[in-house]
Amino acid sequence: MRLAIRAGRLIDGTGQPSRRNALILIEGNRFTAVSREDDGSIPEGYEVLDASQYTVLPGLIDCHVHLVGSGDPKDSAFGVGEVVTSIPAVTLNCYRNALQDLEAGWTTVRDAASRHFADVALRDAINRGDLVGPRLWCCGLGITSTAGHMDREKYLAPHVSLPGPSAVADDPTEGRKAVRLNLRNNVDFIKINATLTEHVRRYLGYCAPEMTRETMAAIFQEAHWHGRKVTAHCYGGDGATWAIEEGIDGIEHGFYLTDHHLDMMAERGTVLCPTLSVVGRFREHGDAALPPGNPYLPAWRLKAIAHAWDTVRRAHARGVKIICGTDAAMPFVFHGTNAYELEMLTEAGLSPLEAITAATGGAAEAIDFKDVGTIAPTKLADLACVDGDPLEEIKILQDLQRIPLVIKDGRIVADRRPARVPALVSV
Ligand SMILES: [Zn+2]
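Quick caveat, the model's predicted, so the values are computed rather than measured.

Help me understand the overall build of the chain in this model?
A tally of regular secondary structure across the chain gives 13 helices and 16 strands. The C-alpha radius of gyration computed for the chain amounts to 22 Å, which stays within 12% of the reference 22 Å derived for 427 residues, consistent with globular compactness. Counting only C-alpha atoms, the chain reaches 80 × 45 × 45 Å along its principal axes. In the chain, which comprises 427 residues, the proportion classed as buried is 56%. Look at the contacts in the chain between residues 6 or more apart in sequence, and 69% of them connect residues 24 or more apart.

Which parts of the structure should I look at to understand the side chain of Asp111?
You can see Asp111 is positioned in strand β6 (residues 108-111). The charged side chain of Asp111 is buried without a salt bridge, its nearest counter-charge being Lys191 at 7.8 Å. A distance of 3.0 Å separates a polar atom in the side chain of Asp111 from the backbone nitrogen of Leu67. A distance of 3.2 Å separates a polar atom in the side chain of Asp111 from the backbone nitrogen of Ala113. Beyond its immediate sequence surroundings of up to four residues, Asp111 is in contact with Val65, His66, Leu67, Asp119, Trp137, Cys138, Cys139 and Phe189.

Got a minute to help me understand the sheet that holds strand β1 (residues 2-10) in this structure?
In space, the 7 strands of this open sheet follow the order β3-β2-β1-β4-β14-β15-β16, with mixed pairing throughout. Of all strands in the sheet, those with a lone pairing partner are β3 (30-36) and β16 (411-415), marking the two edges. Strand after strand, the sheet turns through a mean of 35 degrees between neighbouring axes, direction not considered. With 4 bridges joining them, strand β4 (residues 47-58) and strand β14 (residues 383-386) adopt antiparallel strand pairing. Each residue of the ladder has a partner; that of Val56, found in β14, is Cys385.

Help me understand the pattern of salt bridges, please; the structure alone is not making it clear to me.
When the charged atoms of two side chains with opposite charge come close together, those side chains can pair. Counting across every chain of the model gives 26 salt bridges. With a closest N to O distance of 2.8 Å, Arg318 and Asp263 form a salt bridge. Linking Arg318 in the loop between α10 (297-317) and α11 (340-347) with Asp263 in helix α8 (residues 259-268), this pair joins segments that are 55 residues apart in sequence. By relative accessible area, which is 40% here, Asp263 ends up partly exposed. Between Glu284 and Arg281 there is a salt bridge, with the nearest N and O atoms lying 3.1 Å from each other. Taken together, the positions of Glu284 and Arg281, both in helix α9 (residues 276-285) and 3 residues apart, correspond to about one turn of that helix.

Honestly, the coordination of the zinc ion in this entry has me stumped. Any pointers?
In ideal tetrahedral geometry, four donors around a metal make angles of 109.5 degrees, whereas ideal octahedral geometry with six donors gives angles of 90 or 180 degrees. Distances from the zinc ion to its protein donors, His64 (NE2), His66 (NE2) and Asp327 (OD), fall within 2.1 to 2.3 Å. Written as a sequence motif, the donor residues of the zinc ion are H-x1-H-x260-D. Highlighted residues: His64 in strand β5 (residues 61-65) and Asp327 in the loop between α10 and α11, separated in sequence by 263 residues.

Explain the pairing of β3 to me, please; I cannot follow it from the model alone.
One face of the sheet, then the other: side chains in a regular strand alternate in exactly this way. The pairing of strand β2 (residues 19-27) with β3 spans 6 bridges and is antiparallel. Bridging from a neighbouring strand, Ile24 pairs with Val34 of β3.

Where do I start with the packing of aromatic side chains in this structure?
Each aromatic ring pair is characterised by the separation of its centres together with the angle its planes make. Taken as a whole, this structure holds 7 aromatic pairs when the rule is applied. Seen in terms of ring centroids, Phe255 and Tyr256 are 6.5 Å apart; in terms of plane orientation they differ by 85 degrees. Their pairing is edge-to-face. Residues Phe255 and Tyr256 agree in their burial class; the two are buried. Both rings, one in Phe332 and one in Phe334, keep their centres 6.4 Å apart while their planes meet at 80 degrees; by these two values the pair is edge-to-face.

Any chance you could explain the packing of helix α6 (residues 213-225) against helix α7 (residues 237-245) here in plain terms?
Packed helix pairs are characterised by how far apart their axes lie and by the angle those axes make with each other. For the pair α6 and α7, interaxial distance at closest approach is 9 Å and the crossing angle is 35 degrees. Read as a crossing pair, α6 and α7 show a hand that is right-handed. Where α6 abuts α7, its residues Arg213, Met216 and Phe220 lie against Gly239, Trp242, Ala243 and Glu245. Of the residues that constitute the contact of α6 with α7, the class distribution is 4 nonpolar, 1 polar and 2 charged.

In this structure, what is going on with unusual backbone geometry? I would like to understand it.
It is generally the case that most residues other than glycine have a negative phi and that most peptide bonds are trans. For Asn21, which is not glycine, the phi dihedral falls at a positive 50 degrees. The phi angle at Asp409 is positive, at roughly 55 degrees, despite the residue not being glycine. As for its position among the elements, Asp409 is in the loop between β15 (405-408) and β16.

So, how was this worked out
Residues numbered from 1 in each chain as written. Predicted model: local features only at pLDDT ≥ 70, side-chain atom pairs only at ≥ 80, totals over all residues. Heavy atoms only, no water. Helix = DSSP H or I, 4+ residues; strand = E, 2+ residues; numbered from the N terminus. Rg over C-alpha atoms; globule rule 2.2 N^0.38 Å. Buried < 20%, exposed > 50% of the residue type's maximum accessible area, 1.4 Å probe, protein only. Contact = heavy atoms within 4.5 Å. Lys, Arg positive; Asp, Glu negative; His and termini not counted. Salt bridge = Lys/Arg side-chain N within 4 Å of Asp/Glu carboxyl O. Polar contact = N/O pair within 3.5 Å; in protein donor to acceptor, adjacent residues only side chain to side chain. Pairing = 2+ DSSP bridges. Axes fitted to C-alpha atoms, helices over the stretch in contact; angles between N-to-C directions. Donors = N, O, S within 2.8 Å, 3.2 Å for Na, K, Ca; no water. Phe/Tyr/Trp six-rings, centres within 6.5 Å; stacked < 30°, edge-to-face > 60°. Left-handed = near helix turned anticlockwise from the far one by under 90°. Nonpolar A, V, L, I, M, F, W, Y, C, P; charged D, E, K, R; others polar.

Following this line, the structure appears as structure tokens:
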């Protein structure tokens, strides 16, 4: 199928300013040409889609979601969900959440830890065309240490064993094995845990490392040998220093990164995915966004709020590459509300264009998914039409009614255009 889209305004995802009146040509599932509309007429054989009243953006990319969780604070996907939810139900929940991302214009999501390789199964079903859904970039099981951030067994009686969303590695050999377990299941990238969240919470910002420097180095080497990037759940401290020095590709959250960490990241090209949505929802919902029963969490919430935006501001000033990731699945971070992160990034000093680039071309490059992210010849034909100019008002991307059309692979996957009134017939 050949499709010609008349775009009233185009933001192409490269970081270049928007331009008016572009003509976008799609053949099959790829963009083939982008030109100024007055440069030529529409070639023969193309179906025309009139988006002249809209701004056209590349399909958006959320670099940090968990499809297993919905964002409902009562959702137990990360807690006891494992023992009360069947594996097929987990996978169906993932699909429901993925559809909500897609509906809102997020045509690619990077899943930063799943269960039972449900992410990989869903990715493959979507890629085969069996299901309509966003493109998934999967890491399978997050790699954690015994009693680490993702070791769910720490919540259980010692005689109970449970496969959680993680592979446990306490030394370099186990680290290599955990990477290979994920590779065996054909993941796209590797996720590790570099700081112990529980300690961060208890001691209000003291970032205890989760695994040894040697374990991290072995994991990174193994992943890089196999062409996979590695990113870490990481707040700061020695875990961040070791991860950056040993060559990690990205840091998630990073609320307590120091200037020294950020300088190293800028120099080495380490990417920051700050997931400000989590902290933004903490700020909005107060302690209601916290699971009950942990006396340290309310103070930790306030500490995170005090640091998160400032860290992004300092990172941005140093030229650290920042990408958009929401951590959808965390309390009140619902799938489909991903564009809230763009608002949070602008609050931290990014321009609206920089925020959009962090969710399009910049994101694609950073996560090494180079077929998506920009509207340019040879790229996969994913785009979202927006009613209005998000560079003027970034919040409109949070309003589904302002995103009338979503296209993936050159096909309409969401259509909320106002119903066309039939022309009056004169008699
Ligand atoms: Zn996460």
